Amino acid sequence: MSAAAVPQPRAHHEPTDSVARGHRRSLGVALLSGALGAALVLLATSRTWAKGTAAVAKGTLPQHANGDDITGLPGALAVVGLAALVAVFAVNRLGRWVVSGLLALSGAGIVVSSVLGASDKAALEAKASQATGLADSAIHDVAYTPWPWIAMAGGLLLLLAGVLALGYGRHWPAMSGRYERAGGGSGESRGAARARRGGSAGGAGDPERPEELWKALDRGEDPTERSGPA
């Protein structure tokens, strides 16, 4: 009678390794896209978004408006998104979901505000009115630069980072205070050890110390005999 072949268990380490690599890859993509997206938005909002000319008595006066002049929302949301990207690693569970959602919403807000600002000339008209002194000064020859669309691309990158954080953030590592606690504990241990050593040394008593010499004299002893030859 031949023995039946016993099936061998399948190795599960390869799928686990691939899943872990996927989590690490999502972490790297989120960090890179979030940091790059915030940098693009902050750079784009400091550049000229719109140009035009205002009519004055002796001709025309060129005017230009930066992204921050047209709308301050993309720059503010870029700072919020960058802070949320860092905060993702400082919180756990529900807090990580909330911060990840804030990161995604920051990116979405940047996209919308950048698209709306790409064709806005209100800031140019306000600058033209200030330059000419007329309340309803018209702006002519309006032209727009690609910087609003670069800001929109940065918002998309922040949105991608937020979506990745929502989908994979639960598998990412988080900051922990265990090292700080361990460091504090070691310091306390060292302090306690020093205190114990100091207490044991004080308990034994040093015959050369002045107070020990006086105690020996009070007991009627000769302290020179205890201390021995110098």
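Residues numbered from 1 in each chain as written. Predicted model: local features only at pLDDT ≥ 70, side-chain atom pairs only at ≥ 80, totals over all residues. Heavy atoms only, no water.

(A) The arrangement of the overall build of the protein chain in detail. Across its full length, the protein chain carries nine helices and three strands. Across the 230 residues of the protein chain, 29% fall into the buried class. Within the protein chain, contacts between residues at least 6 apart in sequence are counted, and of these 70% link residues at least 24 apart. (Helix = DSSP H or I, 4+ residues; strand = E, 2+ residues; numbered from the N terminus. Buried < 20%, exposed > 50% of the residue type's maximum accessible area, 1.4 Å probe, protein only. Contact = heavy atoms within 4.5 Å.)

(B) A look at the packing of aromatic side chains. Counted under the stated rule, the structure contains one aromatic pair. Aromatic pair phenylalanine 89 and tryptophan 172: ring centres 6.0 Å apart, planes at 20°, arrangement stacked. With phenylalanine 89 in the loop between α3 (73–87) and α4 (94–117) and tryptophan 172 in the loop between α6 (147–168) and α7 (178–204), the pair connects residues that are 83 residues apart, well separated along the chain. Of the two residues, phenylalanine 89 and tryptophan 172, neither departs from the other in class, the shared state being buried. One residue, arginine 47, lies across the ring of tryptophan 147, its end atom 5.8 Å from the ring centre. (Phe/Tyr/Trp six-rings, centres within 6.5 Å; stacked < 30°, edge-to-face > 60°. Lys NZ or Arg CZ within 6 Å of the ring centre and 35° of its normal.)

(C) Region of interest: the sheet that holds strand β2 (residues 59–66). With antiparallel pairing, three strands are arranged side by side in an open sheet as β2-β1-β3. Lying at the two open borders of the sheet, with one neighbouring strand each, are β2 and β3 (139–144). The mean inter-strand angle of the sheet, taken between neighbouring strand axes irrespective of direction, is 20°. (Pairing = 2+ DSSP bridges. Axes fitted to C-alpha atoms, helices over the stretch in contact; angles between N-to-C directions.)

(D) Representation of the nonpolar core in the model. Within the largest apolar cluster, 18 residues are counted, with the highest numbers of intra-cluster contacts made by Ala30, Val88, Phe89, Leu103, Ile110, Leu158 and Trp172. With residues near it in sequence (within four places) discarded, leucine 158 still touches Ser33, Gly34, Gly37, Ala38, Ala78, Gly81, Leu103, Gly107 and Ile110. Residues Ala50, Ala54, Ile70 and Leu124 belong to the second largest nonpolar core, which totals eleven residues. (Core = buried A, V, L, I, M, F, W, Y, C linked by side-chain atoms within 4.5 Å.)

(E) Structural detail: the packing of α4 against α6. One can describe the packing of α4 onto α6 by two numbers: an axis separation of 7 Å at closest approach and a directional angle of 160°. Taken together, the axes of α4 and α6 lie roughly antiparallel to each other. Considering only the axes of α4 and α6, their crossing is left-handed. For the contact of α4 with α6, a count of residues per class yields 18 nonpolar, six polar and no charged. (Parallel < 35°, antiparallel > 145°, perpendicular 65-115°, else oblique. Left-handed = near helix turned anticlockwise from the far one by under 90°. Nonpolar A, V, L, I, M, F, W, Y, C, P; charged D, E, K, R; others polar.)

(F) Focus on unusual backbone geometry. Although it is not a glycine, arginine 93 adopts a positive phi angle of roughly 55°. For arginine 93, the location among the structural elements is in the loop between α3 and α4.

(G) Region of the structure containing the side chain of serine 26. Along the chain, the position of serine 26 falls in helix α1 (residues 13–45). Here the side chain of serine 26 touches tryptophan 172 through a polar contact of 3.1 Å, side chain to side chain. Dropping the residues within four chain positions of it, serine 26 is found in contact with Leu164, Tyr168 and Trp172. (Polar contact = N/O pair within 3.5 Å; in protein donor to acceptor, adjacent residues only side chain to side chain.)

(H) A look at the environment of leucine 105. Tracing the backbone shows leucine 105 in helix α4. Take leucine 105: its relative accessible area is 62%, and that puts it in the exposed class. Separated by 28 residues in sequence, leucine 105 and leucine 77 place their C-alpha atoms 8.9 Å apart.

(I) The packing of α3 against α4, seen in detail. One way to put it is that α3 packs onto α4 with a least axis distance of 8 Å and a crossing angle of 160°. Between α3 and α4, the angle falls in the class roughly antiparallel. In the packing of α3 onto α4, the handedness of the crossing is left-handed. In this structure, α3 uses Leu73, Pro74, Leu77, Ala78, Val80, Gly81, Ala84, Leu85 and Ala87 to contact α4, whose residues at the interface are Val99, Leu102, Leu103, Ser106, Gly109, Ile110, Ser113 and Ser114.

(J) Structural detail: the confidence of the model for the protein chain. Taken over all residues, the pLDDT of the protein chain has a mean of 77, while the share at 70 or more is 69%. Every residue in residues 177–189 scores below 50 in pLDDT, and together they form zero contacts with partners more than four places removed in sequence or on other chains. (pLDDT = per-residue confidence, 0-100.)

(K) Spatial organisation of α3. Look at α3: 21 Å from first C-alpha to last across 15 residues, which is about the 21 Å you get at 1.5 Å a residue. Listing the buried residues of α3 in full gives Pro74, Gly75, Leu77, Ala78, Gly81, Ala84 and Leu85. (Expected span 1.5 Å × (residues − 1).)

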